[in-house]
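# Survey of secondary and tertiary structure
Okay, here's what each chain looks like letter by letter:
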Amino acid sequence: MSASNRFITVEGVEKSFGSTQALAGVDLEVEQGTVLGLLGRNGAGKTTLVRILATLLAPDKGSVGIAGLDVVRRARMVRSLIGFAGQFAAVDETLTGRENLELVGRLYGLSRFLAHHRADEVLQRLSLTQAADRRVGTYSGGMRRRLDLGASLVGRPEVLIMDEPTTGLDPRTRIELWAFIDELVREGTTLLLTTQYLEEADRLADSIAVIERGRVIAAGSPDQLKQRFGGDVVEVRATNPTDVERLVTLLNGLGSGPPMADLRGQRVTLPTGERVHTLLAAARRIEEAGISVDDLGVRRPSLDDVFLSLTQQTTPQRPTITPAAATA
Amino acid sequence: MSTAAFDLAANRRTVRPQGVRAFITDTLVLTRRNLLVSLRTPQLVVAAAIMPVMFVLLFRYVFGGSIHVAGYPSYVDFLIPGIIVQTSLFGGSSSAVSVAEDLSKGVTDRFRSLPTQRGAILTARTLADLVRLTYTTGLMIAIGLLVGFRFHNSLPPILGGIGIALLFGYACSWLFTLLGLVVRNVEAATLLAFVVTFPLVFAASTFTSTETMPGWLRTFANGQPVTHVINALRALTQGTGSAEGPVLYALAWSVGILVISATLATRRFRTV
Ligand SMILES: Nc1ncnc2c1ncn2[C@@H]1O[C@H](COP(=O)(O)OP(=O)(O)O)[C@@H](O)[C@H]1O
Ligand SMILES: [Mg+2]
């Protein structure tokens with residue numbers, strides 16, 4: 001990455017709340033016009049980092065720059081450059097969609113005329129024109145989220161910061177929102193979004209930073225992260241959920257790393273460098289133990305596997321619970 | 001870090017000027033928003049009026065007959081100034097709840113992430129309170145006149161008295177804004193508002209003279225701001241006794257609460 005392309009820089013950022021250390025030294029870089037997905041479970045420190053980027057919170061240590069501007073010392077200038085959509089849809093239920101957007105436009109310093117015009121533009125882009133003059137209290141969850149995102153676009157920001165934009169949305173609305181985010185990125189917006197969903201990071205992000213307990217434990221493109229995992233994965237699906245733990249014990253030592261259980265999916269995955277050899281060995285052991293399985297195969301690793309193996313290294317006491325199960 | 005290219009990019013954008021004009025515009029825009037929100041929450045508008053009206057009716061017609069205060073041949077003339085100040089305090093206390101609500105809903109985060117004057121956010125909050133307060137005060141006077149309340153003084157002191165009551169209410173609105181910023185949570189703010197207002201309103205000269213209270217209670221009642229403000233308002237609207245002492249105390253308390261609360265709230269707001 002060339003130095004001049006670092007549009008967002010986070011260097012050694014630490015933040016504590018009382019005795020809780022929310023961020024324990026975070027370093028990040030985002031190139032202009034790209035999407036960084038900040039991936040982590042509940043409590044990993046995502047919101048804290050995002051609030052620092054949005055000038056809402058000052059770091060205890062370290063520095064954060066957006067477009068070369070320090071977010072603490074040049075906060076006012078930074079606020080003119082960014083759009084922020086927080087973890088909860090921050091729209092007024094008693095105001096109409098249009099009123100919400102016009103308010104934000106006015107607070108960006110736009111004239112009444114321009115604020116009105118921008119609100120129209122945003123409403124149209126987000127297909128909310130029909131509902132524009134209804135109170136937000138009557139909107140569905142998806143519409144609220146769209147309006148909230150719209151509010152962060154009124155100022156035509158160069159950098160968009162979104163905290164878990166699709167958490168709590170139904171799958172269809174989520175896909176709509178992804179398409180919309182793609183569109184923004186095509187127009188050149190630099191985007192930093194947080195998510196608990198690997199699928200979302202994989203789908204949207206050019207680069208991913210995995211954050212766990214206030215630290216970035218891995219960073220790179222989705223492909224790099226998958227390669228870092230190395231090799232393939234043998235996957236077994238148990239017929240009975242009670243057999244998952246037994247399978248973990250049974251397959252231990254066969255692969256290139258320890259087996260991992262996904263309790264919700266009733267699956268056990270095992271990283272391996274030698275596909276066929278490991279598969280056959282696993283099949284033999286399963287047969288000898290007489291465990292009934294629905295499926296057994298070899299596949300390429302997914303981001304889920306990467307995340308599992310990464311968080312497993314940092315949370316040795318609970319290695320077998322997947323993030324999907326833990327954050328549901 | 002090589003930043004020259006981005007500095008250029010940043011400077012090309014119209015970065016919002018941050019002068020007095022921006023402050024005034026932002027304050028007006030946000031005050032309008034706060035008033036719209038409360039206007040469209042009919043429960044709030046009605047609740048703001050209904051409680052004091054109930055108190056007026058209760059004390060005028062139920063208890064009033066058996067309450068006699070020296071110097072006030074008609075109890076209603078004693079009662080209405082008390083009700084007006086009570087209403088200011090209750091009105092201000094709703095600020096704690098609205099502030100906590102905006103914080104927990106993320107509305108405050110949104111506003112603070114915009115190139116908006118941060119001072120304008122809190123100023124607008126309290127100005128909207130002041131507008132509401134003026135409305136409820138007017139309403140209380142109108143109702144008072146309907147149930148027999150009369151002014152017994154010339155217009156300037158009457159207006160002065162009402163001004164002091166509004167100033168006190170405005171100061172309380174800053175005080176409760178500060179409390180809302182500290183507790184952050186809607187339920188806690190509701191409880192706290194109640195716990196703070198209750199003794200101030202009832203251990204005071206609101207409904208009866210403090211003379212008949214036991215010593216320890218009288219000491220508290222006579223020292224605390226609500227009694228001073230009510231006494232000032234009574235003296236100025238009824239021409240009873242010397243107004244100078246209560247007016248000075250009322251002003252000192254109001255300005256003191258206002259300056260300290262506004263300073264602490266503004267400081268607190270930077271790090272919420
Ligand atoms: N205002 C706060 N006061 C105290 N602790 C906090 C505060 N905000 C966050 N934390 C703590 O910091 C850690 C990181 O929280 P957060 O950044 O919200 O994580 P995430 O957004 O990834 O779920 C958590 O342990 C959380 O409890
Ligand atoms: Mg969060």
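The following refers to the structure shown. Only a predicted model underlies this, so the values are computations on that prediction, with no experimental measurement involved. (Residues numbered from 1 in each chain as written. Chains lettered and ligands numbered in written order. Predicted model: local features only at pLDDT ≥ 70, side-chain atom pairs only at ≥ 80, totals over all residues. Heavy atoms only, no water.)

## Examining the sheet that holds strand β10 (residues 215-220) of chain A
Residue and element names in this part refer to chain A. Reading across the sheet, the 6 strands line up as β6-β7-β8-β3-β9-β10 and stay open at both edges, with mixed pairing between neighbours. Two strands bound the open sheet, and with one partner strand each, they are β6 (82-85) and β10. Averaged over all adjacent pairs, the angle separating strand axes in this sheet is 15 degrees, with direction ignored. With 5 bridges connecting them, strand β9 (residues 207-212) and β10 associate as antiparallel partners. Residue pairing across strands places I208 opposite G220, the latter belonging to β10. (Pairing = 2+ DSSP bridges. Helix = DSSP H or I, 4+ residues; strand = E, 2+ residues; numbered from the N terminus. Axes fitted to C-alpha atoms, helices over the stretch in contact; angles between N-to-C directions.)

## Considerations on the side chain of Q224 of chain B
All names here are of chain B. With respect to the element layout, Q224 can be found in the loop between α9 (215-223) and α10 (225-238). A distance of 3.0 Å separates a polar side-chain atom of Q224 from the backbone nitrogen of V226. What Q224 contacts, discounting residues up to four positions off in sequence, is P199, L200, A203 and A204. (Polar contact = N/O pair within 3.5 Å; in protein donor to acceptor, adjacent residues only side chain to side chain. Contact = heavy atoms within 4.5 Å.)

## Details of the coordination of the magnesium ion (ligand 2)
Residue and element names in this part refer to chain A. Within the first shell, the magnesium ion (ligand 2) binds the protein through T47 (OG1) and Q87 (OE1), at distances of 2.0 to 2.4 Å. Remark: Q87 occurs in the loop between β6 and α3 (97-107) and T47 occurs in helix α1 (residues 46-53); sequence separation between them is 40 residues. Overall, T47 belongs to the partly exposed group, its relative accessible area being 27%. (Donors = N, O, S within 2.8 Å, 3.2 Å for Na, K, Ca; no water. Buried < 20%, exposed > 50% of the residue type's maximum accessible area, 1.4 Å probe, protein only.)

## Let's talk about the site of ligand 1
All names here are of chain A. Lining the immediate environment of ligand 1, one finds F17, T20, A22, R41, N42, G43, A44, G45, K46, T47 and T48. Separating an oxygen atom of ligand 1 from a backbone N or O atom of A44 is a distance of 3.2 Å. Isolated, ligand 1 exposes 550 Å² of accessible area, and the fraction of that covered by the protein chains is 62%. Taken together, the elements giving at least two residues each to the shell around ligand 1 come down to β2 (20-31) and α1. With 3 residues, the single largest contributor to the shell around ligand 1 is α1. Residues belonging to the shell around ligand 1 are distributed by class as follows: 3 nonpolar, 6 polar and 2 charged. (Near = heavy atom within 4 Å. Areas by Shrake-Rupley, 256 points an atom, 1.4 Å probe, with all protein chains shown as cover. Nonpolar A, V, L, I, M, F, W, Y, C, P; charged D, E, K, R; others polar.)

## As for the pattern of salt bridges
Under the definition given, this model contains 28 salt bridges over all chains. In this structure, K15 of chain A and D60 of chain A form a salt bridge, with 3.4 Å as the shortest nitrogen-oxygen distance. Here K15 of chain A is found in strand β1 (residues 6-17), whereas its partner D60 of chain A is found in the loop between α1 and β4 (61-66), with 45 residues between them in sequence. A relative accessible area of 11% places K15 of chain A in the buried class. Measuring nitrogen to oxygen at the nearest pair gives 2.6 Å for the salt bridge that ties R267 of chain A to D262 of chain A. Take D262 of chain A: its relative accessible area is 13%, and that puts it in the buried class. By sharing partners, the salt bridges in this structure join D92 of chain A together with R33, D102 and R125 of chain B into a single network. (Salt bridge = Lys/Arg side-chain N within 4 Å of Asp/Glu carboxyl O.)

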